[in-house]
Amino acid sequence: MNEGRVVVITGAAGGVGKIVTRAWLASGASVLAVDASDRHHEALRAFVGETDRLFVFSADLTSAEGALSMVREADRVFGGMDTLVHLVGGFAMGEFTSDETASDWERMIALNLNTSFHCFRAVIPGLRARGGGWIVAMGSKAVNAPPARTAAYVATKAALVGMALSVSEEVKGDGIHVNIIQAATIDTPANRADMGDKAAEKWVRAEDVAEATLYLCSERAGSSYGATLELYGKQ
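Residue numbers run consecutively from 1 along every chain, following the written order of its sequence. For this predicted model, a pLDDT threshold of at least 70 governs which residues receive local features, and a threshold of 80 or more governs which side-chain atom pairs are given and counted, while totals over whole chains, interfaces and linings are taken from all residues. Only hydrogens and water are set aside; all other atoms, that is, all heavy atoms of the structure, feed into the side-chain values.

Trainee: Let's hear about the pairing of strand 3 (residues 54-58): which residues, and what values?
Mentor: Two strands pair if DSSP finds at least two bridges between them. Helix and strand definitions follow DSSP, with helices as H or I runs of at least four residues and strands as E runs of at least two, each counted in order from the N terminus. Pairing between strand 2 (residues 30-35) and strand 3: 5 bridges, direction parallel. Residue V34 lies in a different strand from strand 3, and its bridge partner there is F57. Seen with its strands pointing away from the viewer, a crossover is right-handed if its path from the first strand over the helix to the second goes clockwise. Each parallel crossover has a hand, and for strand 2 linked through helix 2 (residues 41-48) to strand 3 it is right-handed.

Trainee: For the environment of V56, give the residues involved together with the corresponding values.
Mentor: Structurally, the position occupied by V56 is in strand 3. Note on classification: 1.4 Å probe, protein chains only; a residue is buried when its accessible area is under 20% of the maximum for its type, exposed when over 50%, partly exposed between these limits. Relative accessible area serves as the criterion here: at 18%, V56 is assigned to the buried category. Along the primary structure V56 and A13 are separated by 43 residues, whereas in three dimensions their C-alpha atoms are 9.5 Å apart. Ignoring any residue separated from it by four or fewer positions in sequence, one finds V56 in contact with L32, A33, H41, L44 and R45. Throughout, a residue-residue contact means that at least one pair of heavy atoms, one from each residue, lies within 4.5 Å.

Trainee: Quick rundown of empty space enclosed by the protein? Include the residues and the values.
Mentor: Whether a set of points on the 1 Å grid over the protein atoms alone is a cavity depends on a 1.4 Å probe fitting there but being unable to get out, while an open set qualifies as a pocket with protein on both sides within 12 Å along at least five of seven lines; lining residues are those with an atom within 4 Å of a point. Grid points are joined across faces, edges and corners, and a volume is the space filled by probe spheres set on the points. According to the stated counting rule, one finds 1 cavity of 30 Å³ or more in the structure shown. In this structure, the largest cavity is lined by A92, M93, G94, T101, D104, R149, T150, A151 and A152. Contributions of two or more residues to the lining of the largest cavity are made by helix 4 (99-130) and helix 5 (151-171). Residues belonging to the lining of the largest cavity are distributed by class as follows: 4 nonpolar, 3 polar and 2 charged. Residue polarity follows a fixed list, in which Ala, Val, Leu, Ile, Met, Phe, Trp, Tyr, Cys and Pro are nonpolar, Asp, Glu, Lys and Arg are charged, and the others, Gly among them, are polar.

Trainee: Kindly report on the side chain of S30, identifying the contributing residues and their values.
Mentor: In this structure, S30 sits in strand 2. Every residue in contact with S30, bar those within four places of it in the chain, is listed here: R5, V6, V7, R53 and F78.

Trainee: Give me the lowdown on the packing of aromatic side chains, citing residues and values where you can.
Mentor: When the centres of two rings from Phe, Tyr and Trp lie within 6.5 Å, Trp using its six-membered ring, the rings pair. Their planes under 30 degrees apart give stacked, over 60 give edge-to-face, and anything left gives tilted. Scanning the model with the defined rule gives 2 aromatic pairs in all. Seen in terms of ring centroids, F55 and F78 are 5.4 Å apart; in terms of plane orientation they differ by 90°. Their pairing is edge-to-face. Separated by 23 residues along the polypeptide, F55 in strand 3 and F78 in helix 3 (residues 64-78) bring together distant segments of the chain. Among the residues examined, F78 registers a relative accessible area of 22% and is labelled partly exposed. Relative to Y153, the ring of F91 lies with its centre 4.8 Å away and its plane at 70°, an arrangement referred to as edge-to-face. With F91 in the loop between strand 4 (83-86) and helix 4 and Y153 in helix 5, this residue pair connects regions lying 62 residues apart in the sequence. On the basis of relative accessibility, which here comes to 47%, the residue F91 falls in the partly exposed class. According to the relative accessible area criterion, Y153 is buried, its value standing at 12%.

Trainee: Describe the layout of surface pockets, with residues and values.
Mentor: Here the largest pocket is characterised by a volume of approximately 1,400 Å³. Considering the residues around the largest pocket, the lining is formed by 46 residues, among which G89, G90, F91, Y153 and N191 are closest to the centre. In terms of residues, the lining of the largest pocket owes the most to one element, helix 6 (residues 189-195), which gives 5 residues. Considering only residue class, the lining of the largest pocket consists of 23 nonpolar, 18 polar and 5 charged.

Trainee: Give me the lowdown on the pattern of salt bridges, citing residues and values where you can.
Mentor: The term salt bridge refers to a side-chain nitrogen of Lys or Arg lying within 4 Å of a carboxyl oxygen of Asp or Glu. By the definition in use, this model includes 13 salt bridges. Close ionic contact of D197 with R192 constitutes a salt bridge, the shortest N to O distance being 3.1 Å. By sharing partners, the salt bridges in this structure join D187, R192 and D197 into a single network.

These values are about where atoms sit, not about what they do.
Okay, structure coming up:
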């Protein structure tokens, strides 16, 4: 289905990223899996199974240079790329006036907003040069009805969505699709450890996130520019 496609997946070694990476490989695509630390790469390889279409790369995507190094690696390994699936992000929760929230604010800006800014800027010139492509990033249901004690998280996710929609207007004439997955809590091992198996019955399946990326980054979504696909589960 996606033979010949080259997909860069950020946050690829995370709980959602591993599922998304496996799905793209299963569809026939080649994948550059990007993570902040190379110590996660072997676990990712073991999870997705043996394949010569997976390459792994470590980069600090909170910086412009880190994002550009990711693009250079895709050029080196595959001769270019056509898709960015941007899954890097973080979550923080706490009392707004606490000292911890002050540090969380900087961390959420770095993970949720700065990585998106730098990665979008890094990949768009190449997508323009090839005549188009796809970018999809992760928003959050929380921006629609922000829960208490999540100000840093919600603010940065809302900013990400606003940035992505503005960028979409700027680049859709170049054939670049920029879309957002707006997800509620996703069923991952980390979330189960924090909140328990019972709560997970209402959560979004990571496999459904993977399917959403496959759809939004395909000709089936050929008219989708600046679209938001909502995955809320039973929440």
